[in-house]
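Overview (structure and organization)
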Number of protein chains: 2
Amino acid sequence: MHDRHFQELSAGRGKRERTRSALLDAAVSVVAEKGMDGAKITDITTAAGMANGTFYNHFNDKDEILRTAAYGIAFEVSRQIDAEMEEIEDAAARVVTATSRFIAILAAAPDWAAVLLDGADHLPEMRKDLYKYLRGDIERGVAQGKFDVEVNTFLLDQVVALVAVAVRARLRGKPDPSLTPQVCESILRLLGMSPARARKACSHIASPR
Amino acid sequence: MHDRHFQELSAGRGKRERTRSALLDAAVSVVAEKGMDGAKITDITTAAGMANGTFYNHFNDKDEILRTAAYGIAFEVSRQIDAEMEEIEDAAARVVTATSRFIAILAAAPDWAAVLLDGADHLPEMRKDLYKYLRGDIERGVAQGKFDVEVNTFLLDQVVALVAVAVRARLRGKPDPSLTPQVCESILRLLGMSPARARKACSHIASPR
DNA sequence: TCCATAAATGAGAGTATTCTCATATTTGAG
DNA sequence: CTCAAATATGAGAATACTCTCATTTATGGA
């Protein structure tokens, strides 16, 4: 949610942590600009205003810093959404809220979006973490009789793919207030709600900022 | 559908065409192994059993050969599916057939799958071609009163994303005969069919080989 | 078969990137 | 403030990759 996320986390800690965090923040902005494959070590140290060699005092290679950055961001986004949903009981409402908040958060932090989208492709383990949350909500919906699906990894893959499409579309074009309701509706349909109920469950979504 | 697809197309033509095709086939297998970003010129010429310099007699750079290969494969797959569907009138049946044939073809040719999946990310124009076919079938379904959606690019993105998830899953694990029906059902649900109708429309799918 | 032309070759120049390490600088505990 | 330890620096060695071109080899029409 902030261009200096990692530096904020390490403010007040020793110099070592602060430099490390500055590199992580720099890595995020470089990945946002050039993608994970296009990001070079020197791009990262330059963005951080440091000498090239400094990188190797903190990370062994590019993979390590990118993985660390992606996990850090995924953790923060999950934490935030999870907290916001604490009191929501209805499974459909939980899915809709999580999806729309996820899109809104990443729309406000495009660098994070780039890292998460790229990371989802390059770091398969990262997806699995996300799945824990999602699986819980979908199973809840099945138990509540609202969803009609067999909950398996393939289903979760499909839901996550739809969310990813929405985030990508949001990043690409100008903000379209109908985008989030559209994808939420799609997800609920996918989960077995009727088009009418799905629409109703999404109708209340405030268009993100 | 064949490891020597491009060479077959150019059999009997001049040496120039045959060498070019050998490079294209080699590029496909390298991309399947290392991805588009990981594929190096020398990997391609080595796989083709040629000297490094030969590459530059036929292509200006990596992008050009990869684009050519990806388009060639996309064209062949589209052509084949299109032909197989000629006589199908019902839009739901068309969507289901196209999806399941697409998955079956790529399951039988994993190298092609890798190129198309990677290409869909790296070559945005390639997606647009695919969309022409898809959009037609979905609009037909709306006209037939079977689908209940607004047909826009974002919807097509979602459908394609679901198909991509299925192909990826099919490549990863052992063949699961329920995978194709599952994703076809998801797509029909997404397009606004009720879960019951969607299931019915997918029930006849023969599990791919 | 002959040979002009087309194509293939691969050494190496050019460029980009990673990673190391001896040295310089900074830090913060005492 | 002092100094030993921790950290940062950046030149350059090592590696990886792209692309060129003078030369060799192969092709196919006459």
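Residues numbered from 1 in each chain as written. Chains lettered and ligands numbered in written order. Predicted model: local features only at pLDDT ≥ 70, side-chain atom pairs only at ≥ 80, totals over all residues.

1. Description of the overall build of chain A
Looking only at helices and strands, chain A features 11 helices and zero strands. When the helices and strands of chain A are placed in sequence order, the string is α-α-α-α-α-α-α-α-α-α-α. Taking 2.2 N^0.38 as the reference for a compact globule, 209 residues should give roughly 17 Å; the C-alpha atoms of chain A span a radius of gyration of 19 Å, in line with that estimate. Along the first, second and third principal axes, the C-alpha atoms of chain A reach 60 × 35 × 30 Å. Across the 209 residues in chain A, those meeting the buried criterion constitute 39%. A separation of at least 24 residues holds for 61% of the contacts in chain A among residues at least 6 apart in sequence. (Helix = DSSP H or I, 4+ residues; strand = E, 2+ residues; numbered from the N terminus. Rg over C-alpha atoms; globule rule 2.2 N^0.38 Å. Buried ≥ 20, exposed ≤ 12 C-beta atoms within 10 Å, placed from the backbone. Contact = placed C-beta atoms within 7 Å.)

2. With respect to the protein's contact with DNA strand D
As a structural note, the neighbourhood of DNA strand D is formed by 20 residues, with A:R16, A:T19, A:A51, A:G53 and B:I41 the closest of them. Those elements giving two or more residues to the surface near DNA strand D turn out to be α2 (15-38) of chain A together with α3 (41-47) of chain B. When residues of the surface near DNA strand D are assigned to their parent elements, the largest contribution, three residues, is made by α2(A). Grouping the constituent residues of the surface near DNA strand D by class yields four nonpolar, 10 polar and six charged. (Near = placed C-beta within 6 Å. Nonpolar A, V, L, I, M, F, W, Y, C, P; charged D, E, K, R; others polar.)

3. Some words on helix α10 (residues 179-190) of chain A
With 12 residues, α10(A) should reach 16 Å at 1.5 Å per residue; the first-to-last C-alpha distance of 17 Å fits that figure. Most of α10(A) is tucked away, with 12 of its 12 residues classed as buried. Taken together, the buried positions of α10(A) are occupied by A:L179, A:T180, A:P181, A:Q182, A:V183, A:C184, A:E185, A:S186, A:I187, A:L188, A:R189 and A:L190. Contact partners of the buried residues in α10(A): α6 (91-108), α9 (153-172) and α11 (195-202) of chain A together with α9 (153-172) and α10 (179-190) of chain B. Positive backbone phi, approximately 105°, marks A:G192, located one or two places after α10(A). (Expected span 1.5 Å × (residues − 1).)

4. Side note on the relation of the copies chain B and chain A
Mapping chain B onto chain A calls for a rotation angle of 179° and an axial translation of 0.0 Å; the resulting RMSD is 0.1 Å. Interpreted geometrically, this transformation is the action of a two-fold axis. (Least-squares fit on C-alpha atoms with pLDDT ≥ 70 in both.)

5. Here we look at the protein's contact with DNA strand C
Of all residues adjacent to DNA strand C, which total 20 residues, the nearest are A:I41, B:R16, B:T19, B:A51 and B:G53. Listing elements by their share of the surface near DNA strand C, those giving two or more residues are α3 (41-47) of chain A together with α2 (15-38) of chain B. With three residues, α2(B) is the largest single contributor of residues to the surface near DNA strand C. Looking at the surface near DNA strand C, its residues break down into four nonpolar, 10 polar and six charged.

6. A few points about the interface of chain B and chain A
Each side of the interface is counted separately: chain B has 17 residues, and chain A has 17 residues. At the level of secondary structure, the elements contributing two or more residues to the side of chain B that touches chain A comprise α9 and α10 of chain B.

7. Some details on the packing of helix α8 (residues 124-143) of chain A against α9(A)
Residues and elements named next belong to chain A. Running from amino to carboxyl end, α8 crosses α9 at an angle of 100°, the nearest separation of the two axes being 10 Å. The pairing of α8 with α9 is recorded here as roughly perpendicular in orientation. Facing R127, L130, Y131, L134 and R135 of α8, the residues of α9 in contact are L156, V159 and V160. Class assignment of the residues belonging to the contact of α8 with α9 gives a composition of six nonpolar, no polar and two charged. (Axes fitted to C-alpha atoms, helices over the stretch in contact; angles between N-to-C directions. Parallel < 35°, antiparallel > 145°, perpendicular 65-115°, else oblique.)

8. A closer look at helix α5 (residues 62-84) of chain A
Every α-helical turn comprises 3.6 residues, leaving residues that sit three or four positions apart pointing alike. All names here are of chain A. The first and last C-alpha atoms of α5 sit 33 Å apart over 23 residues, in line with the 33 Å expected at 1.5 Å per residue. Within α5 the residues assigned to the buried category are I65, L66, A69, A70, I73, A74 and V77. Buried residues along α5 sit in contact with α2, α6, α7 (110-122) and α8.

9. With respect to the packing of helix α7 (residues 110-122) of chain B against α9(B)
Describing two packed helices takes the angle between their axes plus the distance from one axis to the other. Residues and elements named next belong to chain B. Close contact between α7 and α9 brings their axes to 11 Å; oriented N to C, the two are set at 140°. It follows from the interaxial angle that α7 and α9 lie oblique. In this structure, the crossing between α7 and α9 has a hand that is left-handed. The segment α7 lies against α9, with P110, A113, L117 and A120 engaging A164, V167, R168 and L171. Residues belonging to the contact of α7 with α9 are distributed by class as follows: seven nonpolar, no polar and one charged. (Left-handed = near helix turned anticlockwise from the far one by under 90°.)

10. Description of the environment of B:E17
Residues and elements named next belong to chain B. Tracing the chain through its elements places E17 in helix α2. Note on E17: 16 C-beta atoms within 10 Å, which makes it partly exposed. On a C-alpha basis, the gap between E17 and F6 in space is 9.4 Å, while along the polypeptide they are 11 residues apart.

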